[in-house]
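Survey of secondary and tertiary structure
Below are the chains, spelled out letter by letter.
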Amino acid sequence: MSDAPSDVTAAAKRDTNAYWKANLKLVGGLMAVWFLVSFGAGILFVDALNTIQIGGFKLGFWFAQQGSIFIFIALIFIYVYAMHRLDLKYGLDDKGEPDSYDVMEGE
Amino acid sequence: METQTLIYLFVGLSFALYIGIAIWSRANTTKEFYVAGGHVPPLLNGMATAADWMSAASFISMAGIIAFSGYDGSVYLMGWTGGYVMLALLLAPYLRKFGQFTVPDFVGERYYSKAARVIAVICLIVISFTYVAGQMRGVGIVFSRFLEVDINTGVFIGMGIVFFYAVMGGMKGITYTQVAQYCVLIFAYLVPAIFISMMITGNPIPQLGFGSTLADGSGVHLLERLDGTLTELGFAAFTDGTKSKIDVFAITAALMIGTAGLPHVIVRFFTVPKVSDARKSAGYALIFIAILYTTAPAVAAFARYNFIETVQDTEYQATPEWFKNWESIGLIAWRDKNGDGKIQYAAGAPFVGGPSFNGDAGQAGERLLTNGATDNANEVYVDRDIMVLAHPEIAGLPGWVIALVAAGGLAAALSTAAGLLLVISTSVSHDLIKKTFVSDTSEKNELRYARISAAVAVVIAGYFGINPPGFVAQVVAFAFGLAASSIFPALFFGIFFKRMNKEGAIAGMLTGLTFTFAYIVYFKFIVPDMNNAAHWLMGISPEGIGFIGMIINMIVALTVSHFTAPPPDHIQHLVEDIRWPVTR
């Protein structure tokens, strides 16, 4: 773990902040959906949704035992994709990165 | 071939495969032993994580619990999958960037304190042993039913196998055996599910069969029929629960947050090469887990339906072989209350407590019981844990499917046991010996300590498997509650709140842990008679109290850190570094 260089330019500092803010915004949005489909549709509003029948399922019950899980998977892959875009925008692609355990050995 | 021969063949072949992989992937350095060298491709790590995560509880017990609790079982489905979203978005990429070997490593460095590291080690060891005892017991049950050896011999065989590949191969050996174990367990879970889905609904995809009409030509949906039958027998409808909303909410939250704080899962994300791989790997892991988790509630509904159809109003003498097989090992029992020689199944306990047999046979040939009488029409006792194992027999599937399920159950239990034993041994050799007590130990010595602690951990786990504390199932609540109320907040603040200092984190971990521990012990062991909604805090059961423990942890941590000095500059830089996916 190297300390950040002391001559961090003001621009780099702004970049760091902007990257982190964008990251938080993305994570916040995705976690809101995560909450809505599980605790919302599957628990808090399950009775209201259960009045809607889709095929053989009551909708609230379906969210609690099937739907929320499918949406969880989608959320992680949206996150992977959006973070990759964000990394590229800030020039942070880790493709050429050395493996950090190899770096540790060099220390 | 005989079913029994097939079982020996399948289990033997799968064991030979695991041992072969262990020999091939022997670990030579601490880096390989702790994190498989950090070179595991994300897709394979996803598979290994799924096997690591899905234990005997997921494979053997979960569908059984859902079969008998319906909607209430959703807490496990959402709780044990939703935690991966938290892991992927809030922890895994940052912990991978930090790039050490263990969870206490992060806590110790981030909070610049040996005390914090040691507290994290204690949480980790309590959580992991709680879990591993249940796994060894699961191995014992599968062996005793399917291989017709005694439970203790089963535990010894299981210990031997885990010993071999965990001690030799470390994380490297475990990772590649887990990949193989995932393939075995998911195949073993899906094959009977697909067969049974086709038999009951005509739809080969269990997730769709779950919502389809019955294949008996009645045109009624499976769930509708099940709800109707259950209500008639005095049970709650399958799609309704009996738990209160707040309790369902708290248990789901505790399981989710606990999942995100479980050390043996987190450490898997240290094994991939890069930050972006850690993100992807969590996604793959959840896909592999979801294949089983979305099938489980369908299996649960099929099993409950099949069980009632087969057993209700059937003469004891006319019941299929499986009923007597499971009765003979005491996991099913029947008392002919109305003396008609037929089995009646209804709501309520058939008699007081678990079955205790007096050794005599009744008129129809059933095993007679000494338990006290209860005042209801139900005559059948059935252990929930047998539903997945018995289901292929209940549905009359061929012998090779039954053999496959036996091998799958063992794969699930062994893979999780190995992962848990590894984090225990790592935290002893690395966090306690190397980082706390003997800091000048050489790598060779550290590796030796790691192997010795893995060996000791296997023996202790085996001991618990043979002499299970009577409360294995109950203590599972511990593992998740403790992880949620101690480890998760320390990790979360460590990444997202730069100002969090060691005083805050330590105070938070200690209060969260103490509160949760005390609440569970109070209701489970001190006053078990009062363990009901009327006495619980805000109606939250001991299973869900980890959620409240986490909130208390966070409030205490924030308050204490507000009134104490901010962390030193180099720690603030460390936090900035882990938020930045590449080296600066």
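Keep in mind the model is a prediction, meaning the values are calculated, not measured. (Residues numbered from 1 in each chain as written. Chains lettered and ligands numbered in written order. Predicted model: local features only at pLDDT ≥ 70, side-chain atom pairs only at ≥ 80, totals over all residues. Heavy atoms only, no water.)

1. A word on the overall build of chain A
The secondary structure content of chain A amounts to 4 helices and 2 strands. Going from the N terminus to the C terminus, chain A shows its helices and strands as α-α-β-β-α-α. Residues counted as buried form 42% of the 107 residues belonging to chain A. Across chain A, the fraction of contacts at a sequence separation of at least 24, relative to all contacts at a separation of at least 6, is 56%. Of the roughly 5,600 Å² of accessible surface on chain A, a fraction of 66% belongs to carbon and sulfur atoms. (Helix = DSSP H or I, 4+ residues; strand = E, 2+ residues; numbered from the N terminus. Buried < 20%, exposed > 50% of the residue type's maximum accessible area, 1.4 Å probe, protein only. Contact = heavy atoms within 4.5 Å. Areas by Shrake-Rupley, 256 points an atom, 1.4 Å probe, with all protein chains shown as cover.)

2. With respect to the interface of chain B and chain A
Across the boundary between the two partners, chain B contributes 71 residues, which contact 56 residues of chain A. Buried surface at the junction of chain B and chain A, both sides included, amounts to about 5,600 Å², of which 67% is carbon and sulfur. Across the chain B-chain A interface, the total number found is 3 salt bridges. Here arginine 279 of chain B and aspartate 87 of chain A are joined by a salt bridge, their closest N and O atoms 3.0 Å apart. At the surface where chain B touches chain A, the tally comes to 12 residue pairs in polar contact (both at pLDDT 80 or more). Only α2 (30-35), α5 (74-98), α10 (222-232), α11 (245-260), α13 (275-311), α18 (472-496) and α21 (569-578) of chain B provide two or more residues apiece to the side of chain B that touches chain A. (Buried area = accessible area lost by both parts, 1.4 Å probe. Salt bridge = Lys/Arg side-chain N within 4 Å of Asp/Glu carboxyl O. Polar contact = N/O pair within 3.5 Å; in protein donor to acceptor, adjacent residues only side chain to side chain.)

3. A closer look at the pattern of salt bridges
Residues and elements named next belong to chain B. With the rule as written, the count across this model stands at 9 salt bridges over all chains. In this structure, the salt-bridge partner of lysine 172 is glutamate 32, at a minimum N-O distance of 3.9 Å. Highlighted residues: lysine 172 in helix α8 (residues 151-201) and glutamate 32 in helix α2, separated in sequence by 140 residues. A cluster of three or more residues bridged by salt bridges with shared partners is formed by Asp105, Glu109 and Arg117.

4. Let's talk about the pairing of strand β2 (residues 357-361) of chain B
Successive side chains on a regular strand alternate, one facing one side of the sheet and the next facing the other. Pairing of β2 of chain B with strand β3 (residues 367-369) of chain B, which is carried by 2 bridges, proceeds in the antiparallel orientation. Note on β3 of chain B: the bridge partner recorded for phenylalanine 357 of chain B is leucine 369 of chain B. (Pairing = 2+ DSSP bridges.)

5. Topic: a nonpolar patch on the surface
Residues and elements named next belong to chain A. A cluster of nonpolar side chains, Phe35, Leu36, Leu44 and Phe45, forms an exposed patch at the surface whose accessible area comes to about 380 Å². Residue position: leucine 36 is located in helix α1 (residues 10-44). On the basis of relative accessibility, which here comes to 53%, the residue leucine 36 falls in the exposed class. (Patch = residues over 30% accessible without salt bridge, like charges linked within 9 Å, V, L, I, M, F, W, Y side chains within 5 Å.)

6. Quick look at unusual backbone geometry
Residues and elements named next belong to chain B. Its identity as a non-glycine residue notwithstanding, tyrosine 112 has a phi of 35°, on the positive side. Along the chain, tyrosine 112 turns up in the loop between α6 (103-110) and α7 (114-146). Unlike most non-glycine residues, methionine 538 shows phi in positive territory, near 55°. Residue position: methionine 538 is located in the loop between α19 (502-526) and α20 (545-562).

7. Here's the deal with the packing of helix α4 (residues 56-69) of chain B against helix α15 (residues 387-394) of chain B
Residue and element names in this part refer to chain B. At a minimum axis separation of 7 Å, α4 and α15 run at an interaxial angle of 80°. By the angle between their axes, α4 is roughly perpendicular relative to α15. Packed against α4, whose contacting residues are Phe59, Ile60, Ala63, Gly64 and Phe68, the element α15 presents Met387, Val388 and Leu389 at the interface. In the contact of α4 with α15, the residues fall into 7 nonpolar, 1 polar and no charged. (Axes fitted to C-alpha atoms, helices over the stretch in contact; angles between N-to-C directions. Parallel < 35°, antiparallel > 145°, perpendicular 65-115°, else oblique. Nonpolar A, V, L, I, M, F, W, Y, C, P; charged D, E, K, R; others polar.)

8. Comments concerning the nonpolar core
Side chains that are nonpolar tend, in soluble globular proteins, to be buried together. Core analysis: the biggest nonpolar cluster contains 233 residues, and Trp53, Phe59, Phe238 and Tyr293 of chain B have the highest contact counts within it. The dominant element in this core, judged by the number of residues it contributes, is α8 of chain B, at 21 residues. Filtering out sequence-adjacent residues up to four positions away, tyrosine 293 of chain B remains in contact with Ile69 of chain A together with Trp53, Met54, Ser58, Met62, Tyr76, Leu77, Trp80 and Thr81 of chain B. (Core = buried A, V, L, I, M, F, W, Y, C linked by side-chain atoms within 4.5 Å.)

9. Section: the confidence of the model for chain B
Per-residue confidence for chain B gives a mean pLDDT of 86; residues scoring 70 or more make up 98%. Mean pLDDT across the elements of chain B bottoms out in α2 of chain B (80) and peaks in α20 of chain B (95). (pLDDT = per-residue confidence, 0-100.)

10. Considerations on the environment of tryptophan 80 of chain B
All names here are of chain B. Along the chain, tryptophan 80 turns up in helix α5. Between the alpha carbons of tryptophan 80 and alanine 253 there is a distance of 9.7 Å; along the sequence they are 173 residues apart. Setting aside residues no more than four positions away along its own chain, tryptophan 80 makes contact with Trp53, Ser58, Met62, Val75, Leu255, Thr259, Tyr293 and Phe480.

11. Let's talk about the side chain of arginine 110 of chain B
Residues and elements named next belong to chain B. When you line up the elements, arginine 110 lands in helix α6. Among buried charged residues, arginine 110 stands out as having no salt bridge; its nearest opposite-charge side chain is glutamate 503, 9.3 Å away. Within the structure, arginine 110 has its side chain in polar contact with the backbone oxygen of lysine 498 (distance 3.5 Å). (Lys, Arg positive; Asp, Glu negative; His and termini not counted.)

12. Details of the domain arrangement of chain B
In many analyses, interface size is given as the accessible surface area lost on bringing the parts together. Residue and element names in this part refer to chain B. For chain B, the assigned domains are domain 1 (3-307 + 398-470) and domain 2 (313-393). Taking the mean C-alpha position of each, domain 1 and domain 2 sit 31 Å from one another. Between domain 1 and domain 2, the residue contacts involve 24 residues of the former and 17 residues of the latter. Between domain 1 and domain 2 lies a buried interface of about 2,100 Å² when both sides are counted; carbon and sulfur atoms form 77% of it. Along the contact surface separating domain 1 from domain 2 lie 0 salt bridges. Joining domain 1 to domain 2, the criterion identifies 3 residue pairs in polar contact (both at pLDDT 80 or more). The set of elements that each furnish at least two residues to the side of domain 1 that touches domain 2 consists of α4, α7, α8, α13 and α16 (399-437). (Domains from an automatic or database assignment.)

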